[in-house]
Amino acid sequence: MAAQPQDPGAGAYLIRGAAILGGAPEDLLIRDGIIAARGQNLPADGATVINAAGLVALPGMVDIHTHLREPGREDAETVETGTRAAALGGYTAVHAMANSTPVADTAGVVEQVLTLGRTAGWVDVRPVGAVTVGLAGEQLAELGAMADSRARVRVFSDDGVCVHDPVLMRRALEYVKAFDGVVAQHAQEPRLTAGAQMNEGEVSAVLGLTGWPAVAEESIIARDVLLAQHVGSRLHVCHVSTAGSVEIIRWAKSRGVNVTAEVTPHHLWLTDELARSYDPVYKVNPPLRTGADVQALRAALADGTIDVVGTDHAPHPSEHKECEWAQAAMGMTGLETALSVVQHTMIETGLMGWADFARVTSSAPAAIGRLGDQGRPLEAGEPANVTLVDPAARWTVDPSKMATMGRNSPFAGRELPGKVVATFFKGHPTVLDGQLNTPYLWPAEPAGTASAGRP
């Protein structure tokens, strides 16, 4: 792809000949942050022309599940580095999980994360608020104050730990109804996973590692879909990993329960067989499961039982991964490899097309997070959040060359298909020719903007 500037000061771009959602080649004219026109042989009218022949145009990707670590864990990631990685991965919005230090359980902290995201300017950073104070599972956090803050939080999660108390979970589901929020549950019964190191099964028995049984996930999901049905609220299930969980979610949806679910890229491909290497890069929560689980997850994503792909991007300092398995932190990076992994596991297998890809990585996660200007169709008048992908490209994953500070990619050394060539955020190219360009400059907020302060 080569950008040919006709008027460098125009701030307009003509994407020439991209296959929109994998269809017939068309042009997209971007001007003033919106898609001004879509069609064949559009006039450049002074815009910078981008030759997109052979590229697929997609709505900017939206991650429902990202760990940016800041504030407090800047040794693992910062909002700046994490959002650079997101832009390079084709994302225009990410939801930043609450398990920072301090925890994002107050209006002040979520507004700090929002400000950090806007200062960086690479993507739209939408803070996720904690469900309970300090993720301790003892009392509800300031859900209303976070919802009314500048961050306008609509997704709440204690991800990393489960809201295991059914009374607290019910109260949270009831509370978020007032502002159309959603509780995103990390489904893990703690009493069934004490000391767990990997999936409970044949491999864990051979290795002598404490197992994390599928029922620990499935029992929480079963409970929570019934609670959501009882109170008439929205429930989102984070990182579904077992075939049994898929069946419970499918059953709940058939009964009209307002539940959505996500799967990670790594759970669509990798299995617990990799633990035989004792390489801690494969240690993650929930753990890598069996091949049968992987196949069930792929089928569920294809048929809509699982709604979205969420990266669960979880960077760690090297010393937290380059150690003995038992002492290693759980988590994997994912923002810069997600598109390629989904292309490999879902598109190249024939389970999905690029339009389906756009649904599970853009429109559906934007709808869950209530992001009105993300995940929109690539049509005239819509916000210009656009990702251009070269589906024929092949590349080898080298964590040392990634924008994220985390080097804990489970795909290191693997050759993957598909490469992001350009990312447009609000009409501004944050990525061009596969490289970071310049960040978007957010307009100044009106003086005196403050939280509404709902008690």
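First, a word on what this report is: a plain description of the structure on this page. (Residues numbered from 1 in each chain as written. Predicted model: local features only at pLDDT ≥ 70, side-chain atom pairs only at ≥ 80, totals over all residues. Heavy atoms only, no water.)

1. Brief notes about the nonpolar core
F156 and L301 are the most contacted members of the largest nonpolar core, which totals 79 residues. Apart from the residues within four sequence positions on either side, L301 is in contact with V263, L268, I306, V308, V309, M346, M352, R359 and V360. (Core = buried A, V, L, I, M, F, W, Y, C linked by side-chain atoms within 4.5 Å. Buried < 20%, exposed > 50% of the residue type's maximum accessible area, 1.4 Å probe, protein only. Contact = heavy atoms within 4.5 Å.)

2. Focus on the pairing of strand β4 (residues 34-39)
The pairing of strand β3 (residues 25-31) with β4 spans five bridges and is classified as antiparallel. Across the sheet, D27 pairs through a bridge with G39, a residue of β4. Between β3 and β4, which pair antiparallel and follow one another directly, the connecting turn spans two residues, one of which, D32, has a positive phi of 55 degrees. (Pairing = 2+ DSSP bridges. Helix = DSSP H or I, 4+ residues; strand = E, 2+ residues; numbered from the N terminus.)

3. What about the environment of S340?
Relative to the helices and strands, S340 resides in helix α9 (residues 338-347). In this structure S340 comes out as buried when scored by relative accessible area, which is 3%. Taking the C-alpha atoms as reference points, S340 and A18, 322 residues apart in sequence, are found 18 Å from one another. The residues contacting S340, other than those within four sequence positions of it, are W395, L416, P417 and G418.

4. Notes on the side chain of E70
Residue placement: E70 occurs in the loop between β7 (61-66) and α1 (79-88). R84 is the oppositely charged side chain nearest to the buried, salt-bridge-free E70, at an N-O distance of 11 Å. Polar side-chain contacts of E70 include one of 2.9 Å to the backbone nitrogen of V79. Not counting chain neighbours up to four residues away, the residues in contact with E70 comprise E77, T78, V79, S100, V113 and L116. (Lys, Arg positive; Asp, Glu negative; His and termini not counted. Salt bridge = Lys/Arg side-chain N within 4 Å of Asp/Glu carboxyl O. Polar contact = N/O pair within 3.5 Å; in protein donor to acceptor, adjacent residues only side chain to side chain.)

5. Remarks on the sheet that holds strand β16 (residues 308-309)
Pairing within the open sheet is parallel, and its five strands lie in the order β10-β11-β14-β15-β16. The two strands at the open ends of the sheet, each matched to only one other strand, are β10 (155-156) and β16. Here β10 pairs with strand β11 (residues 182-185) via two bridges, running parallel. The residue of β11 that forms the bridge with V155 is V182.

6. Topic: α1
Buried residues dominate α1, accounting for seven of its ten residues. V79, T81, G82, T83, A85, A86 and A87 are the residues of α1 that are buried. Lining the buried residues of α1 we find β8 (91-96), α2 (107-120), β9 (124-127), β18 (415-425), β19 (428-432) and β20 (435-436). Directly after α1, the chain includes G90, whose backbone phi takes a positive value near 95 degrees.

7. Some remarks on the sheet that holds β9
Each strand in a sheet pairs with its neighbour through backbone hydrogen bonds, running either in the same direction (parallel) or in the opposite one (antiparallel). Taken together, three strands build an open sheet; the order of strands is β7-β8-β9 and the sheet is parallel. If you trace the sheet from one side to the other, it starts and ends with β7 and β9, each paired once. Sheet twist, expressed as the average angle between the axes of neighbouring strands with direction ignored, equals 20 degrees. (Axes fitted to C-alpha atoms, helices over the stretch in contact; angles between N-to-C directions.)

8. Here's the deal with the packing of helix α6 (residues 214-231) against helix α7 (residues 243-254)
In a pair of packed helices, the angle between the axes and the distance between the axes together describe the arrangement. Where α6 contacts α7, the two axes come as close as 9 Å, and the packing angle between them is 10 degrees. With respect to α7, the axis of α6 lies roughly parallel. Contact with α6, carried on its side by E217, E218, I221, A222, V225 and L226, involves G244, S245, I248, I249, W251 and A252 of α7 and no other residues of that element. For the contact of α6 with α7, the residue count by class is eight nonpolar, two polar and two charged. (Parallel < 35°, antiparallel > 145°, perpendicular 65-115°, else oblique. Nonpolar A, V, L, I, M, F, W, Y, C, P; charged D, E, K, R; others polar.)

9. Remarks on unusual backbone geometry
With an omega dihedral of 10 degrees, the bond running from E70 to P71 counts as a cis peptide bond. Along the polypeptide, P71 turns up in the loop between β7 and α1. A cis amide bond links N285 with the next residue in sequence, P286, at an omega value of -5 degrees. Take P286: it is sitting in the loop between β15 (259-263) and α8 (291-303). With a phi angle near 55 degrees, D180 is a residue other than glycine that sits in the positive phi range. Tracing the chain through its elements places D180 in the loop between α4 (166-176) and β11. On the accessibility criterion, D180 (36% relative accessible area) is partly exposed. Its identity as a non-glycine residue notwithstanding, D312 has a phi of 50 degrees, on the positive side.

10. A word on the pattern of salt bridges
A complete count under the given rule lists 22 salt bridges for this structure. The partner of R38 in a salt bridge is E26, and the shortest N-O contact between them spans 2.8 Å. Residue R38 is located in strand β4, and its partner E26 is located in strand β3; the two are separated by twelve residues in the primary sequence. According to the relative accessible area criterion, R38 is partly exposed, its value standing at 28%. What makes E26 buried here is its relative accessible area of 18%. What emerges from the salt-bridge pattern is a single network uniting E26, R38 and E379.

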